[in-house]
Structures are given as structure tokens and as C-alpha cells.
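# Tertiary structure, described
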Amino acid sequence: MADFSLFGKWQAEEQLGDGTQAVAYRARSTGSVPEEAVIKWYVAVDSEDRFNREIEALRLLRTGGSPRLLEHGFKDGHRWLATRWEPGLAMDKWVDARGRPGLLSWLKMARTLSADLRDVHEAGILHRDIKPGNVIVRENGSATLIDFGYAVIDQRHSKTGSEHILGTLLFLAPERHTSSALEATEKSDVFSIGAALTLLALGEVPDEVKAWGQVLGSLGWIEAASALPESWRARFLTSCLAEQPDDRPSASEALGALEEVGREAGLTSGFVDLFAGGGGLALGFMSAGFRPLVRTDIEKCVAVTSERNFPGVPFILGDLSEADVREEVAAQVCEPPFLVAGGPPCPGFSLRNEASKDDPSYRLFSSFIAVVEVLKPRWVLFDLPPGLRRVGGERLLEQVVAEISNLGYVNASYRLLDAAEFGVPQRKRRLVIIANRTGDAILWPEREFSDGVGELEGSFNPFRTVNG
């Protein structure tokens, strides 16, 4: 039932799917500021209940991973809703296109998906239809849940209006094959996450699941996961796939267990947040599946903010240029961090001030590098003011990069980034240095927005504005 006309301000451009309940489109706004969305048009005569479930779930969810509800309305007597477009592939299509992911990629998807489910459950929502087709793998490798049409919200939607079990049989927990759909629990969602991640780990639906068939296929997931050669990953998956619900972890416990998986495999998602400020960098890394190990700043107001916004994360109040403060930071890090990140407050190098190497904040550069030398993270991200280039030109910048490289970070590069070129309604330029000692290529993001000056027409979206 393809219809490429308007849904409110959204022009449907590409049909993404056509199910028994709804048709999905990729759409673009017709306003002055181009935006993309996914339109879900509920065309079935009995789809009112699914629409109401999804709308309420999306309104309750405020996490970085969950779909963002943009608009909803009526068209030709049927309801529709628009959510923010997330570039990526459904997990089953991702596996078909790319096969079995490497360990680090698998861990990132597993962490972000488990964190998403934790937030869903904390909002009082049961998903009830978790399967690879309802998981989007974004271009950055993180994963998120979509399609809340079968959701139960604080039991208010527990009446299904049908005696049939809702959900996709191959990915349902065993107890849901033999009991009423009313008995779906958080632990049955965890089982479905485990089944989806087992498929991801194997790169295909395992023979054990096919052998059991649609009705008892859930038992095959347990058998397939236990046979994985990586014992640490097998232990995690088999716990999620335990036949008895009480033997499974909660979503929060599963997320913690994934940290153990990473540590046993010699990997970690922990990061150290230096010159922490309000927490913008930390929130970005956390939304990508990383975990803050410790934060530090010299300002007392930052300490209060950190306690409120990052409860349970150790915070060191002090001047990082002092050796004892750096020692306090190192003492809080009980595992090799994946990343050390930070942006020293360097007003002497801002575009509004005359730059000087004698500025007291200049010593914070070496303080940052001193912490990197002690903690030896896999990756480093150095967020600097663009005015640094004006002190000695490229020579000083190359010197900073050389000091990082001398610590074993053989891959190191820098780039001037402008937040407006990535969709933020503010001209915020930062000089960013990224380095690693893993040998991995450093892939910089491609800009998407421009002021249009000197650009080919249509090459980029125009800059976003606050009122746009």
C-alpha cells in the first residue's frame, strides 16, 4: 500500500517496509530546514491499539538511544507517527550484509542494546517483541531498539484483545510459548536480547534453532550459545538464555556482565574524563556505550553537577597540574581504560584572546599527557581551542601530537571541527586530536551541513537554526 504523498509536513520518499499492521517510509520534511524521519502508517483496521502503545512508549522514553518522536496525525482515516531517522541497518540485514562482527564490534552492539533495554525497563515498559528486525545498528556501530507496538507500559496495556501470544516465535522466551502473553516479564525481554546477540555472534540463525522449529526454537538458542568457542561470551549469553526466568540477569545486571566479558577478553569500555566540565563529552561517550571510570575538574560547581548528573562516578576536585591530584585520579582507575578524553580550559588560546605560551593554562597540556602516560589507554581524545594554532602556527600543534606519539600512540591525527557542520545550531569550532596505540585507522566524520558559501548547490544541508 505504497503512498508517496504528504504526512503532515513529511514527504514520503522511500518505502522501508510493509507489514500486516503498518507501512514504513523514509521521509523528508518540506520546511525550510531539511529533516529526515521514519513514517509509520498504521493501515490495518485493528491497529489502533498498537499505535497507542507505541506513542505512549516513545513519550516515556527520554534516553539517547531510543527513537525520538517528532509528530503524529491522521491520513485517510488511519493514524501515523514520525520518528527521527537514524542511518543504519536492522540487525538481521546488517548480519546478511556483513556477516559475523569482530569482538569489539559485538561488544559495542551488546552494550548499547543492553543499556537501551535497561532504560526501557526503568521507564516501566516491557518491549515483548525484541528480535533482530527490531534492532537498528547505527553507522557508528551502536545498537538501539525500535517498534514498541507490542509494548506493555506499567501493565496499563496488558489486555491484548487476543488470546494469541504476541511477538516473533523464534526470539520469544520459553515461558512465553507455554503461557499467556500477559505473563511477559523483564526477564523474557532479556532472553530475547540474548537470542538476538547469539545470532549476531554466530553470523546466522544456528542449526540448533532451526532443528527445534518455530515453537521450540528458543531452546535451540541455549544450545547454540553454550557451544560458542569463546567461553567468556558463552557464559554471558547462556545466562541471558537460561530456561528459567529467575536464572536470568536483569538488563542492568546484563550490562554489568558485559563489562566482565570485555575485561576477560582484554578489552574495556571505561573512559577517564579530564577537565570534565558540565559533562558534554561524557554524555556523548556514554550514549555510544562507554562507561565513565572517574571525572575530574578544578571547579566546585562542576563537582556538584557531576554528583547530580553522574551518580556513583568518582569525582576528583583539584588542579590536574599538581602531581598529587593526578595520583588521586590514577588511584580511582582499577582497570586499563579504553579512552582518556578531555579539553583543558585554555582561555589564552581562545579566538577572543591574544594567545601566549606564557598563559598559566598552557601547563595543562602537559598535565593531560602525563595522565595518558600513567594510565596507558587504548585511545586518546584531546579537545582543544582552535587558537592553539596561532601560537607558533602548526609547529606547536605538531609538537603536542609528537609528545602523544612518543608515548606509543603511533596513529595520531588532528582536525578542526565545527559543531554547526554536524547539525548543532551553533558555530562552535574545536581543534580535536585523536590518537590510538592499537593500530586502528582513525575515521573522521563527514560534515553534513554548510552555510552554502562556495559550495556546490545541494551538496550539504543548510545550517540549522534555533527556530528552524
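Worth saying up front: this structure is predicted, and the values here are computed from it rather than measured.

As a further point, take the overall build of the chain. Secondary structure summary: the chain contains 13 helices and 20 strands in total. Across the 468 residues of the chain, 50% fall into the buried class. Put simply, of all contacts in the chain between residues at least 6 apart along the chain, 60% involve residues at least 24 apart. Of the accessible surface of the chain, which amounts to about 21800 Å², a share of 51% is contributed by carbon and sulfur atoms.

Okay, the environment of Phe338 next. As for its placement among the helices and strands, Phe338 is situated in the loop between helix H11 (323–331) and strand E15 (339–342). Between the C-alpha atoms of Phe338 and Phe290, which are 48 residues apart in sequence, the distance is 8.7 Å. Discounting chain neighbours no more than four positions away, the residues touching Phe338 are Leu104, Thr268, Ser269, Gly270, Phe290, Pro377, Arg378 and Trp379.

What follows is about the layout of surface pockets. The computed volume of the second largest pocket comes to approximately 1200 Å³. Together, 42 residues line the second largest pocket, and Ala24, Gly133, Asn134, Ile146 and Asp147 are the ones closest to its centre. For the lining of the second largest pocket, the elements supplying multiple residues, two or more each, are strand E2 (10–18), strand E3 (22–29), strand E4 (36–42), helix H1 (48–60), strand E6 (78–84), strand E7 (88–90), helix H2 (91–98) and strand E10 (143–145). Class assignment of the residues belonging to the lining of the second largest pocket gives a composition of 19 nonpolar, twelve polar and eleven charged.

Let's shift gears to the pairing of E2. Relative to E2, strand E1 (residues 6–7) is paired through two bridges, and the arrangement is antiparallel. Opposite Leu6, over in E2, you have Gln11 as the bridge partner. Hairpin connection, E1 to E2: the antiparallel pair is bridged by two residues, and Gly8 has positive phi, about 60 degrees. Judged from the seven bridges that link them, E2 and E3 form a sheet pairing that is antiparallel.

Time to look at the packing of aromatic side chains. According to the stated counting rule, one finds eleven aromatic pairs in the structure shown. Measuring from ring centre to ring centre gives 5.5 Å for Tyr42 and Phe51, while their planes differ by 85 degrees; the resulting arrangement is edge-to-face. With a relative accessible area of 2%, Tyr42 lands in the buried category. Taking the relative accessible area as the measure of exposure, Phe51 reaches 3% and is therefore buried. Their ring planes at 45 degrees and their centres at 5.2 Å tell us that Phe290 and Phe338 sit as a pair that is tilted. Remark: Phe338 occurs in the loop between H11 and E15 and Phe290 occurs in the loop between helix H9 (280–287) and strand E13 (291–297); sequence separation between them is 48 residues. Across this residue pair, the class does not change: Phe290 and Phe338 are buried. Grouped by ring-pair contacts, the aromatic residues Phe7, Tyr25, Trp41 and Trp80 constitute a single cluster. The ring of Phe7 carries Lys75 above its face, with NZ or CZ at 5.1 Å from the centroid. The aromatic ring of Trp41 is capped on one face by Lys75, whose charged end is 6.0 Å from the ring centroid.

Attention shifts here to the sheet that holds E7. Whether parallel or antiparallel, the strands of a sheet pair through hydrogen bonds between backbone atoms. Across the sheet, which stays open at both edges, the three strands sit in the order E7-E9-E10 with antiparallel pairing between neighbours. Only two strands of the sheet have a single partner each, and these edge strands are E7 and E10. Pairwise comparison of adjacent strand axes, ignoring direction, gives a mean angle of 30 degrees for this sheet. One ladder, built from three bridges, connects E7 with strand E9 (residues 135–138); its direction is antiparallel. Note on E9: the bridge partner recorded for Ala90 is Ile136. Where H2 meets the sheet, it contacts E7 and E9, and its direction lies at approximately 105 degrees from that of E7.

Attention now moves to a negative patch on the surface. Taken together, the side chains of Glu322, Asp324, Glu327 and Glu328 present a region of like negative charge at the surface. Assignment of secondary structure puts Glu327 in helix H11.

With that settled, consider the side chain of Ser306. Within the secondary structure layout, Ser306 lies in helix H10 (residues 300–309). We classify Ser306 as buried; its relative accessible area is 1%. Sequence-distant contacts of Ser306, that is, excluding residues within four places in its chain, are made with Arg295, Pro311 and Phe315.

Turning our attention to the packing of helix H3 (residues 103–122) against helix H8 (residues 251–264). Axis separation between H3 and H8 bottoms out at 8 Å; the angle between their running directions is 160 degrees. Regarding the angle of H3 to H8, the classification is roughly antiparallel. When you trace H3 past H8, the crossing you get is left-handed. Residues Trp106, Leu107, Ala110, Arg111, Ser114, Ala115, Leu117, Arg118 and His121 of H3 pack against Ala251, Ser252, Leu255, Leu258, Glu259, Val261 and Gly262 of H8. Of the residues assigned to the contact of H3 with H8, the class counts are nine nonpolar, four polar and three charged.

Reading guide: rules and limits
Think of each chain on its own: its residues are numbered from 1, step by step along the sequence as written. It should be noted that, the model being predicted, local features are given only for residues of pLDDT at least 70 and side-chain atom pairs only at 80 or more, the latter also being counted only at that level, while totals for whole chains, interfaces and linings use all residues. Water and hydrogen atoms were dropped before computing side-chain values, which therefore reflect all heavy atoms in the structure. A helix here means a DSSP run of H or I that spans at least four residues, while a strand means a run of E at least two residues long, and both kinds are numbered starting from the N terminus. Only protein chains enter the accessibility calculation, which uses a 1.4 Å probe; a residue whose area is less than 20% of its type maximum is buried, one above 50% is exposed, and one in between is partly exposed. In this analysis, two residues are considered to be in contact whenever any of their non-hydrogen atoms come within 4.5 Å of each other. Under the convention used here, a 1.4 Å probe and the Shrake-Rupley method define accessible areas, while residue burial counts only the protein chains that appear. Using only the protein atoms, space was sampled on a 1 Å grid; points where a 1.4 Å probe fits but cannot get out form cavities, open sets with protein on both sides within 12 Å along at least five of seven lines form pockets, and lining residues are those with an atom within 4 Å of a point. Grid points are joined across faces, edges and corners, and a volume is the space filled by probe spheres set on the points. Nonpolar residues are Ala, Val, Leu, Ile, Met, Phe, Trp, Tyr, Cys and Pro. Charged residues are Asp, Glu, Lys and Arg, and all others, Gly as well, are polar. Two strands are said to pair when DSSP picks up at least two bridges between them. Pairing of aromatic side chains requires ring centres within 6.5 Å, counting the rings of Phe and Tyr and the six-membered ring of Trp. Pairs whose planes differ by under 30 degrees are stacked, by over 60 edge-to-face, and all others tilted. Throughout this description, the term charge over a ring refers to an Arg CZ or Lys NZ atom that lies within 6 Å of the ring centre and within 35 degrees of the ring normal. To get an axis, fit a line to the C-alpha atoms, keeping to the stretch in contact for a helix; angles then go from 0 to 180 degrees between the N-to-C directions. Patches draw on residues past 30% relative accessible area with no salt bridge. Two like charges within 9 Å are joined, as are two nonpolar side chains (Val, Leu, Ile, Met, Phe, Trp, Tyr) within 5 Å. For this analysis, a salt bridge means a side-chain nitrogen from Lys or Arg found within 4 Å of a carboxyl oxygen belonging to Asp or Glu. When charges are counted, neither His nor the chain ends are considered; positive counts come from Lys and Arg and negative counts from Asp and Glu. Charge positions come from single atoms, namely NZ of Lys, CZ of Arg, CG of Asp or CD of Glu. In this scheme, roughly parallel covers angles under 35 degrees and roughly antiparallel covers those over 145, while 65 to 115 is roughly perpendicular and the rest are oblique. Left-handed is the label given to a crossing in which the near helix is rotated counterclockwise from the far helix by less than a right angle, and right-handed is the label when the rotation is clockwise.

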